[in-house]
Amino acid sequence: MGTPQGKTQVIDAPSRGNPNTAAGTEPIISLQGVSCRFGDVVAVDAVDLRVDRGEFFSLLGASGCGKTTLLRLIAGLEQPDTGRILLDGEEMAGIPAYRRPVNTVFQSYALFPHMTVARNVAFGLRQENLPRAEIAQRVVETLALFSIEGLAKRKPAELSGGQRQRVALCRALVKRPKILLLDEPLAALDRRLRERARFELSAVQARLGITFVMVTHDQEEAMSLSTRVAVMDAGRIVQQDEPRAIYDRPVNRFVAGFVGDANLIDGTVSQVSGGAIGVDAGLGVDVAAAHAAGIAPGDPVSVMIRPERIRLVTGASDSGGVTGRVRGKAFLGNAWVIQVVVAGERLIDVRLIGEESGAGLSPGHLVTLSWPAEAAVCFAREIGV
Amino acid sequence: MTRVLGCLAVLMPPYVWMVTFFALPIIVVFAISLSDAVVGIPPYAPLVDWSSARFLGDVENYTFLLGDAYYLDGFLGSIRIAAVATFICFLIGYPMALAISRVRPTRRLPLLLLLMLPFWTSFLIRTYAWITLLNSNGIINNALLNLGLRETPILMLYTDFSVYLGIVYAYLPFMVLPIYAVIERHDLGLLEAAADLGAKPFRSFLSVTLPLSIPGIAAGCLLVFVPALGEFVVPELLGGSDFLMIGRLLWTETFQNRDWPLAATVTIVLLVLVVATVVSVQRIVDMRERPL
Amino acid sequence: MRSRWRPLIGGYALFGYAFLYMPIVILVVYSFNESRLVTVWGGFSTKWYGELLGNERILQAAWLSVRIAAVSATGAVLLGTAAAIVLVRFGRFRGRGVFNGLLLAPLVMPDVIIGLSLLLLFVWLQSQIGWPAGRSGLTVGIAHITVGVAYTTVMIRARLSQLGRDLDDAAADLGAPPWRGFVEVTLPLLAPALAAGWLLSFTLSLDDLVVASFVSGPGSSTLPIVVFSSVRLGVSPQINALATVMVVVVALIVLLVGLSMRQSSRRPPEGAD
């Protein structure tokens, strides 16, 4: 695999961002009200987006949500119907893909099958009419970055999936773009390879300091790699924030369900007291949740609690909490997922960390669930939903 | 702007070419079919009298054609020959396609190549080859006589039989290939599923393979029937001198009688037949595919 | 289709192949016949090949046919490539259906229709604008391009739609303007289809009797026209010899193409990571 050992330690904690980030200066990518439709289908709907220099930015969403179209708009492979796209402060309207300071790693990798790896990587440089010697040198340097110099003379058909992915990265990076666009760069790899490739991607980004914009449907991938994530649904950006914030404070049911596992409980607000609220969800006791702006008693809301934030004690408890019965459990190696039935019909998943944590529970056991109010996020629910 | 110009530069050459040399000729043929033959160059009367701005064309050629037994026989004969030949092609071609699809994958390509190889050699020469075989003093008859199986030679050349033979021979690959393409595409798993459900081989063939290969059969029939309808070489070389087919009528009118308006009329009628065939086959295929 | 039916179907297929090849084999065998009577074996001889080499009329016609075939195959590939790009890459546009229909219709059009309609077109054009001046190799070439475009378009389109847009996008993304991406990426990958299309149009043109008969002029008899006029008069050993030469040439070409395709499709096993 040849990931240079030791490089992985260069990775910064995602939330701190890249040290090269010049905070407060103009963004490297700025989209203002960009829409794009194909026939009757609105693929991208009035999207505003801002990506700062040196970020590792992810567009996360299910297939068909418009994320790839958004990427292709930035690359210049599609034209917006409305809105403005600025790259490094320059208006991109009328500038074709081949004159934009971005390069792309395609989902299929799109390696030229009739060219060797070296010719593939050199392709972009040859378009700039650079001297032969410089092209050759840069190709070798870039291949070395991924430790694949040995593959230079092979054709794409003679490479494995992981090798192809690295050649595609080389081919795009050798141009030293201001922005690297990646369309599901890891999707074609098998699970084992994907984990390693993820670290490699992160290391390369940190080392080169180039802004990465990655499209993915895999929330784990987006969470683990990105400085910021934009969650997309039906052509719109639903939430745009740091991964941690998206996970902890999703803005609606869709984001809550898409990013990580979530228990969603519908009810109406019964009381508001300071930073916490109580929600009547027909579970016998009021469900505690963090207060959200604009929520008043009587409002219909959904409460989202992550399974790992729920505390489970056996037996009934008089210190508050929701009681229920264990319905089933699943062993995940380092954790257990316990399915609990509350109020006779509703299911709540609880994740217990540790090998032994759930071993003693069996179906039918009476348990009590509780959680700190700040762990439960509530958002307004439209009536009838 | 340059993008649009670039696109036009790619679009226009084939478009203009096909309009000029395919669509326009058919319009010209139609116009001339409304005209009358004259002796001269060109050998047809003008359609419009410019001095009085009058349209001189009429459908006289069409009424003549449809009322004349000679031409009617030619058309009906062509349709009959083409239909029977198509059916024979199907009878021979379907089992061939089935057989090719059932051999090991590595052997399929050579078999297909063998099937197509004759197609790459001259059609004219392949038809001509049959003369040597079918003649009264030809190879087959000589063999029969020498073996004492027959006293007198069998009359084979210049009969309906030789025309059928020639057409089937020429167009057989066009029947096999589309059927093979369809059969090969379906999963043989379907057959296994049918066998698993207790279907006997012949039954599973009738209920699974045959219905699924209908689109291939339709395409194959189209590819045999349509060119057979306008066939000229085979009836000319293998058919008797009084053997009537549209292609031959057309040839005679053009080259011997030099009645171009009548030839044009024959062409238009043939064209209508062809289009009707294509459209109805398309219909059949569409109808089958929709409810599935 | 197991056991009981298998031998039956196999026998059927064998019969089909025998049917396809027997006349050709007989033709080849009898081209080496000493006797002038094509159907009586009079001993082995190559004299008909010698006579063929001395037959000016056939040689001239063959040379003309080869030239027409080469030019019209080239024209058909050029137009077919453009047409395939339009059909695969331009997306939907007004008139696309008509365009598609125009290109593919010659595939299901009997030769006599194409021949007569082009003859009438050329005569009409000549009377209107004075071009083309009479019928000649030029008019035959135009006719053959028109038929060939249908075949090349189908073949090139199939290959082009297989390639997908990704490679073009990648070329553009890496800084190649459209024409350069086409030349450096699309064209080399289309090459097999271009070659196959060229060969097919070439043989179709070389083989065509009917269309050529309609649109050729006095001085432009192609090989099939000459062969036809000779065959009409009866069987001739010289034609057998000519046929044998053509069969051998075609078989060699098909063999070479087959071998080269095999070579290029051979891939080493997927490398381990």
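On a predicted model such as this, the values are computed, not experimentally measured, just so you know.

> Now, about the overall build of chain A: what can you tell me, with residues and values included?
For chain A, the count of helices and strands is 8 helices and 20 strands. Principal axes of the C-alpha set define a box for chain A whose edges measure 80 × 45 × 40 Å. Here chain A holds 385 residues, and the buried ones make up 48% of them. A separation threshold of at least 6 residues defines the contact pool for chain A, and within that pool the share at least 24 residues apart is 65%.

> Go over the arrangement of the chains with me, naming the residues and quoting the values.
Contact analysis covers 2 pairs of chains in contact, and the most contacts occur between chains B and C. The least C-alpha distance between chain A and chain B, which are not in contact, is 10 Å.

> Describe in detail the nonpolar core, supporting the description with residues and values.
By size, the foremost hydrophobic cluster in this structure holds 153 residues, and its most contacted members are Ile167 of chain B together with Val215 of chain C. Those residues in contact with Val215 of chain C that sit more than four places away from it in its chain are Gly115, Leu118, Leu119, Phe122, Arg135, Ser136, Thr139, Val140 and Ala143 of chain C. Counting 51 residues, the second largest nonpolar core, distinct from the first, contains Val47, Leu77 and Met232 of chain A together with Ala170 of chain C.

> I'd like to hear about the domain arrangement of chain A, residue by residue, with values.
Often, the extent of an interface is quoted as the loss of accessible area upon association of its parts. All names here are of chain A. Parsing chain A into structural domains produces domain 1 (18-253) and domain 2 (261-380). Of note, the centres of domain 1 and domain 2, computed from C-alpha atoms alone, are 39 Å apart. The interface of domain 1 with domain 2 comprises 8 residues on the first partner and 8 residues on the second. Here domain 1 meets domain 2 over a buried area of about 670 Å², counting both sides, of which 50% is carbon and sulfur. If you sort the residues of domain 1 by the area they bury against domain 2, Tyr247, Pro250 and Arg253 come out on top, with a joint share of 76%. The salt bridge partner of Asp266 is Arg253, with a shortest N-O separation of 2.8 Å. It is helix H7 (residues 243-248) that provides the largest number of residues to the side of domain 1 that touches domain 2, a total of 3 residues. A breakdown of the residues in the side of domain 1 that touches domain 2 according to their chemical character gives 4 nonpolar, 1 polar and 3 charged.

> Account for the packing of aromatic side chains, with residues named and values stated.
All names here are of chain B. Here the structure, examined in full by the defined rule, presents 26 aromatic pairs over all chains. Geometrically, the ring pair formed by Tyr171 and Phe174 is tilted, given 6.0 Å between the ring centres and 50 degrees between the ring planes. Within this pair, Tyr171 and its partner Phe174 are both found in helix H7 (residues 160-185), separated by 3 residues, close to a single helical turn. Relative accessible area serves as the criterion here: at 23%, Phe174 is assigned to the partly exposed category.

> I'd like to hear about the interface of chain C and chain B, residue by residue, with values.
Across the boundary between the two partners, chain C contributes 77 residues, which contact 82 residues of chain B. Where chain C touches chain B, the interface holds 1 salt bridge. The partner of Arg232 of chain C in a salt bridge is Glu236 of chain B, with the nearest N and O atoms 2.7 Å apart. The tally of links from chain C across to chain B stands at 9 residue pairs in polar contact (both at pLDDT 80 or more). The leading source of residues in the side of chain C that touches chain B is helix H1 (residues 5-31) of chain C, at 16 residues. Classifying every residue of the side of chain C that touches chain B by side-chain character gives 63 nonpolar, 10 polar and 4 charged.

> Give me the state of the cysteines: which residues, what numbers.
If you walk through the whole model with that rule in mind, you get 0 disulfides over all chains. There is no disulfide at Cys7 of chain B, and the cysteine sulfur nearest it, in Cys36 of chain A, is 17 Å away. Residue Cys7 of chain B is classed as partly exposed on the basis of its relative accessible area of 27%. Between Cys221 of chain B, a free cysteine, and Cys89 of chain B, which holds the nearest cysteine sulfur, the sulfur-to-sulfur gap is 8.8 Å. For Cys221 of chain B, a relative accessible area of 23% gives the class partly exposed.

> An account of the sheet that holds strand S18 (residues 346-353) of chain A is needed here, citing residue identities and associated values.
All names here are of chain A. Across the sheet, 5 strands lie side by side as S15-S19-S16-S17-S18; this open sheet has antiparallel pairing. Both outer strands of the open sheet, strand S15 (311-314) and S18, are each paired with one neighbouring strand and no more. The sheet shows a mean angle of 45 degrees between the axes of neighbouring strands, taken without regard to direction. Summarising the sheet, strand S16 (residues 322-331) and strand S17 (residues 335-342) pair through 7 bridges and their orientation is antiparallel. Bridge pairing links Arg325 to Val341 in S17.

> Got a sec to walk through the packing of helix H3 (residues 56-89) of chain C against helix H6 (residues 137-163) of chain C? Specific residues and values, please.
In a pair of packed helices, the angle between the axes and the distance between the axes together describe the arrangement. All names here are of chain C. Where H3 meets H6, the axes come as close as 5 Å, and the angle between the chain directions of the two elements is 40 degrees. One finds that H3 runs oblique with respect to H6. The interaxial crossing formed by H3 with H6 has right-handed handedness. A per-class count over the contact of H3 with H6 returns 15 nonpolar, 11 polar and 2 charged.

> Explain unusual backbone geometry residue by residue, including any values.
The omega torsion across Trp131 of chain C and Pro132 of chain C is -5 degrees, close enough to zero to call that bond cis. You can see Pro132 of chain C is positioned in the loop between helix H5 (111-129) and H6. Of note, Tyr109 of chain A is a non-glycine position whose phi angle comes to about 75 degrees, a positive value. Considering the arrangement of structural elements, one finds Tyr109 of chain A in the loop between strand S6 (102-105) and helix H2 (117-127). Look at Ser147 of chain A: it is not a glycine, yet its phi comes out positive at around 55 degrees. Assignment of secondary structure puts Ser147 of chain A in the loop between helix H3 (132-145) and helix H4 (161-173).

Rules used in this analysis
- Residues numbered from 1 in each chain as written.
- Chains lettered and ligands numbered in written order.
- Predicted model: local features only at pLDDT ≥ 70, side-chain atom pairs only at ≥ 80, totals over all residues.
- Heavy atoms only, no water.
- Helix = DSSP H or I, 4+ residues; strand = E, 2+ residues; numbered from the N terminus.
- Buried < 20%, exposed > 50% of the residue type's maximum accessible area, 1.4 Å probe, protein only.
- Contact = heavy atoms within 4.5 Å.
- Core = buried A, V, L, I, M, F, W, Y, C linked by side-chain atoms within 4.5 Å.
- Domains from an automatic or database assignment.
- Buried area = accessible area lost by both parts, 1.4 Å probe.
- Salt bridge = Lys/Arg side-chain N within 4 Å of Asp/Glu carboxyl O.
- Nonpolar A, V, L, I, M, F, W, Y, C, P; charged D, E, K, R; others polar.
- Phe/Tyr/Trp six-rings, centres within 6.5 Å; stacked < 30°, edge-to-face > 60°.
- Polar contact = N/O pair within 3.5 Å; in protein donor to acceptor, adjacent residues only side chain to side chain.
- Disulfide = S-S within 2.5 Å.
- Pairing = 2+ DSSP bridges.
- Axes fitted to C-alpha atoms, helices over the stretch in contact; angles between N-to-C directions.
- Parallel < 35°, antiparallel > 145°, perpendicular 65-115°, else oblique.
- Left-handed = near helix turned anticlockwise from the far one by under 90°.

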